[in-house]
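So the chains spell out like this:
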Amino acid sequence: MNNIINQNLKLKKSNIYIAHEIPKRIRFKAFNVNLNSISSIKIIAFFEKIQGVTATRINLLANSVIVNYDNNIETREKIIDGIINYFSDENTERFVYPGEIEQKDLFHISRSIVLLLFLPIMPQTLKNILTFISVSPLLLRGIKKLFLEGIKADVLSALAVLISLLRKNYLAANLTYLLIETGEYLEYFTTNQADKAITKLLNPSIEKIWVERDNNLIEININDIDINDIVSVNAGNIIPIDGTVISGGALVDESSLTGEGIPIKKEINDYALSGSTVREGAIKIRAEKIGIETITARISSYILKSLASKSNIQRYSDKLGDRSVFITLIIASIVYILTRDIKRTASVLLVDYACAIKLSPSVAFKSSMYKATTEGVIIKGGNAFEKLSRANVFVFDKTGTLTSEHMEITDLISFHQDYNENDILAMAASLEEHYNHPVGQAIVRHARQKELKHIKHSDVEYIIAHGLKANVYEKQVLVGSNHFIEEDEDISFDEYDNKIKSFILEGKTLLYMTMDYEPIGIIALKEKLRHDAKDTIIALKKSGAVKVIMLTGDEKNKAMAVSEEIGLDEVYYKLLPEDKSRIIEELKREECNIIAFCGDGINDAPALSIADVSIAVYNASDMAKDVADIVLIKNEIYPVVTAKEIAVDTMDIINKNFNISTGLNSLILLSASTGFIGPLSAAFLHNILTLSTLLNSFLPLKK
């Protein structure tokens, strides 16, 4: 009893109360908080994680939340605790989204159909009363809109129905109302499908997880997890955190994150992502990112922020839609003045440009955002779609963007008869394993792949930015750069100059090795190009890019080697971070250039911030991902092409919808103005056209 009282007090403090409750169903009413379609998406996603909840529905008109559940008392308590937490914390931030429409249900439609069936046998007085009651929601909505928002489409619809009422044409009034309500319900249903698609991306995964503590496996609430906890995930379960696999093996389905339909094998030292599902096997993962830091939480954050922003085309559509209402009203007035035909005037009032014009972009953007995310890329809102669709110059940072984070050994050469290539590698790896440097990591990784044994050595002396010193086999071994070996230590490699020059021309990084001041070997390394880098460049050029450019701080020979391998148009090398932003500015000043810049934000943050379209790669810094227009959630570069293609297709759909809906609505308006069609035909044709336009906006989901 005390628990119920406490929950009711907390509900009141959270600006929500239980308006109605029956077994398996609770309806919460919110006050001092305005719900909208974006908060609805978030609320539905929030409650779908609760075990025992069967459905969640938001009634925007009533400002209420309806939750269906399994009638279990524990589920009920979780629902109430959940809604208290939701409306008590930062989730109460509300987003306003363009093109938002009121929630519709089938009650008014059903009532109108029943009335139409019995209308012919009713006495005149009853027809009058029941028709007025039936259409009153539309009339009241029209009056409300008129006083609160001015002349909108609902005002014209209400006026058209009112004209039929005044003419005592109850059949026309009821049929017109039925067509309007049916059309609006179908519009709501259609746009709601886009909301449901987005909800799939936001849906929190699980509530309880299994962790290993003090050598025991225990079940805890996901909110109680800590960094470095060992999480156990079995077949059929969703991975709740981001981290490294430390034991076991499993086939993991990452399709919800990357669109990759084939499960990926995860073994020790592989990285596992939250939101992916273990299909076979079992793994233990060391938690490295938890809560709001996980990839699924970040995706949710990016998407919700994106939905809250208006693009240029949406702002234009809103203004044009509002203006079209006045145009329709003016034409209806002219028609009445010239013809004195009230029926013809009502027909004109039922032709509404605004619905298709205002709703089509929002549905298309939502559908495309969902499609893009399943393909491994987040496009943050309508503006990003617009700019990316027009981008014609693509600029890439090199390191970490066109190349992977890892270097790879390309050549191992021994100059000593007593030590072969594997001996050289083993010695270098034994010294380098103590230091976290890309070159050293590549050497150690290569030695481990070859299963070479560790070689005993003395303490290693690390000379910053130069190399290493240690005693191996009671002899001094030096490993380092040309500057360290030949200039600082005065050890000559002139005898091998031809081989060294050929490596340098190929853009390779060289590590020199000596023993007791005599050359014993060279290790050549190269940054590993991403496997899809070349295909990405080719596809971008086919998609209309006039230039594909690379920026790098590397020497010319290394930069040109990459350029020749993947087919770049221009290369800028030996750049500082401020040089990269200067080049972006210069490219923007060239006529007709729309610049898309892709980088990791580590030494190219200024360039990302000033490009027309900024693209952050998978391994980009957190700040880069937050400010970028587009974020890649696959550790690949080809999703840049996918994003470009989706953006172009989306803008094509929006433009076609605009042209078709405007043209055909104008034709319907002309037909209504000339008396060729009546109110019922005008309402029917308008609704069919609007619905067809919205369905066309779902094309991105179908491809």
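About the criteria used
Residues numbered from 1 in each chain as written. Predicted model: local features only at pLDDT ≥ 70, side-chain atom pairs only at ≥ 80, totals over all residues. Heavy atoms only, no water. Helix = DSSP H or I, 4+ residues; strand = E, 2+ residues; numbered from the N terminus. Buried < 20%, exposed > 50% of the residue type's maximum accessible area, 1.4 Å probe, protein only. Contact = heavy atoms within 4.5 Å. Areas by Shrake-Rupley, 256 points an atom, 1.4 Å probe, with all protein chains shown as cover. pLDDT = per-residue confidence, 0-100. Salt bridge = Lys/Arg side-chain N within 4 Å of Asp/Glu carboxyl O. Phe/Tyr/Trp six-rings, centres within 6.5 Å; stacked < 30°, edge-to-face > 60°. 1 Å grid on protein atoms, 1.4 Å probe; cavity = no way out; pocket = protein on both sides within 12 Å on 5 of 7 lines; lining within 4 Å. Points joined across faces, edges and corners; volume = space filled by probe spheres on them. Nonpolar A, V, L, I, M, F, W, Y, C, P; charged D, E, K, R; others polar. Pairing = 2+ DSSP bridges. Axes fitted to C-alpha atoms, helices over the stretch in contact; angles between N-to-C directions. Patch = residues over 30% accessible without salt bridge, like charges linked within 9 Å, V, L, I, M, F, W, Y side chains within 5 Å. Core = buried A, V, L, I, M, F, W, Y, C linked by side-chain atoms within 4.5 Å.

1. Observations concerning the overall build of the protein chain
Along the backbone of the protein chain there are 26 helices and 24 strands. Relative to its full complement of 703 residues, the protein chain shows a buried share of 51%. Considering only contacts in the protein chain between residues 6 or more positions apart, those separated by 24 or more positions represent 67%. If you sum the accessible surface of the protein chain, you get close to 32,900 Å²; carbon and sulfur atoms cover 54% of it.

2. Brief notes about the side chain of D554
With respect to the helices and strands, the residue D554 is situated in the loop between strand 20 (547–551) and helix 20 (556–566). Its relative accessible area of 19% is what places D554 among the buried residues. When neighbours within four sequence positions are excluded, D554 is seen to be in contact with K398, E527, Y573 and K574.

3. Observations concerning the confidence of the model for the protein chain
Detailed reading of predicted coordinates is not advised where the pLDDT is low. When pLDDT is averaged across the protein chain, the result is 79; 81% of the residues are at 70 or more. Confidence drops under a pLDDT of 50 for residues 89–103, and excluding neighbours within four residues, the segment shows 52 contacts in the predicted structure.

4. Side note on the environment of K541
Mapped onto the elements of the fold, K541 is located in helix 19 (residues 533–542). Note: C-alpha distance between K541 and N392 (149 residues apart in sequence) is 9.0 Å. Excluding its chain neighbours within four sequence positions, the residues that come into contact with K541 are V548, G567, L568 and D569.

5. Considering the pattern of salt bridges
In total, this model carries 21 salt bridges according to the counting rule given. The residue D229 makes a salt bridge to R213 at a minimum N-O spacing of 2.6 Å. Of this pair, D229 sits in the loop between strand 6 (216–221) and strand 7 (230–234) while R213 sits in strand 5 (residues 208–213), and the two are 16 residues apart along the sequence. Looking at D229, the relative accessible area reads 10%, which means it is buried. Note that R279 is salt-bridged to D253, the shortest N-O span being 3.0 Å. In this pair, R279 sits in strand 11 (residues 277–289) while D253 sits in strand 8 (residues 242–253), placing the two residues 26 residues apart along the sequence.

6. A few points about the packing of aromatic side chains
Evaluated as defined, the whole model comprises 6 aromatic pairs. With a centroid separation of 5.0 Å and 90° between ring planes, the pair formed by F493 and Y512 is classed as edge-to-face. Remark: Y512 occurs in strand 18 (residues 509–515) and F493 occurs in the loop between helix 17 (482–488) and helix 18 (497–505); sequence separation between them is 19 residues. According to the relative accessible area criterion, F493 is buried, its value standing at 1%. Through successive ring pairs, a cluster of aromatic residues spans F415, F493, Y496 and Y512.

7. Notes on empty space enclosed by the protein
All chains considered together, the criterion is met by 1 cavity of 30 Å³ or more. Here the largest cavity is characterised by a volume of approximately 50 Å³. Lining the largest cavity are 10 residues; nearest its centre among them are A356, I357, S360, I654 and F658. Mapped by element, the contributors of at least two residues to the lining of the largest cavity are helix 12 (354–374) and helix 24 (639–673). Partitioning the lining of the largest cavity into residue classes produces 5 nonpolar, 5 polar and no charged.

8. Quick look at the pairing of strand 6
In this structure, strand 5 lies alongside strand 6, joined through 6 bridges in antiparallel fashion. Residue pairing across strands places R213 opposite N216, the latter belonging to strand 6. Counting the residues in the hairpin turn of strand 5 and strand 6 gives 2 residues, including D214, whose phi is positive at 55°.

9. What to know about the sheet that holds strand 21 (residues 570–572)
Taken together, 7 strands build an open sheet; the order of strands is 12-24-23-22-13-20-21 and the sheet is mixed. Looking at the sheet topology across the chains shown, the edges are occupied by strand 12 (377–379) and strand 21. Adjacent strand axes in the sheet meet at a mean angle of 20°, parallel and antiparallel pairs treated alike. Strand direction decides the pairing type here: strand 20 and strand 21, joined by 3 bridges, are parallel. In the sheet register, I549 faces strand 21, and the bridge partner there is E570.

10. Focus: unusual backbone geometry
Phi at N269 takes a positive value of approximately 80°, unusual for a residue other than glycine. Within the element layout of this structure, N269 appears in the loop between strand 9 (264–266) and strand 10 (271–272). When its relative accessible area of 65% is taken as the criterion, N269 is described as exposed. Despite not being glycine, E474 shows a phi value in the positive range, around 60°. As for its position among the elements, E474 is in the loop between strand 16 (467–472) and strand 17 (475–480). Residue classification places E474 among the exposed positions, given a relative accessible area of 81%.

11. Describing a nonpolar patch on the surface
Residues F326, I330, I334, Y336, I337, L338 and I342 make up a contiguous nonpolar surface patch of roughly 680 Å² in combined accessible area. Sort the elements by how many residues they give to the nonpolar patch and helix 10 (residues 312–339) lands first, with 6 residues. When you line up the elements, I337 lands in helix 10. A relative accessible area of 56% places I337 in the exposed class.

12. Some remarks on the nonpolar core
In this structure, F394, V395, F396 and V640 are the most contacted members of the largest nonpolar core, which totals 64 residues. With 7 residues, the single largest contributor to this core is helix 24. Formed by 29 residues, the second largest nonpolar core is a distinct cluster that contains M407, L412, A447 and I523.

13. Digging into the pairing of strand 18
Among the 7 residues that make up strand 18, 6 are buried, leaving the element largely enclosed by the rest of the structure. Judged from the 4 bridges that link them, strand 17 and strand 18 form a sheet pairing that is antiparallel. Bridge pairing in strand 18 places V479 opposite M513. As defined by bridge partners, strand 18 adjoins strand 19 (residues 518–529) across 7 bridges and the pair is classed as antiparallel. Each bridged residue has a counterpart across the sheet, and for T509 the counterpart in strand 19 is L525. Turn length for the strand 18-strand 19 hairpin, with the two strands adjacent in sequence and antiparallel, is 2 residues, and the turn residue D516 shows positive phi of about 50°.

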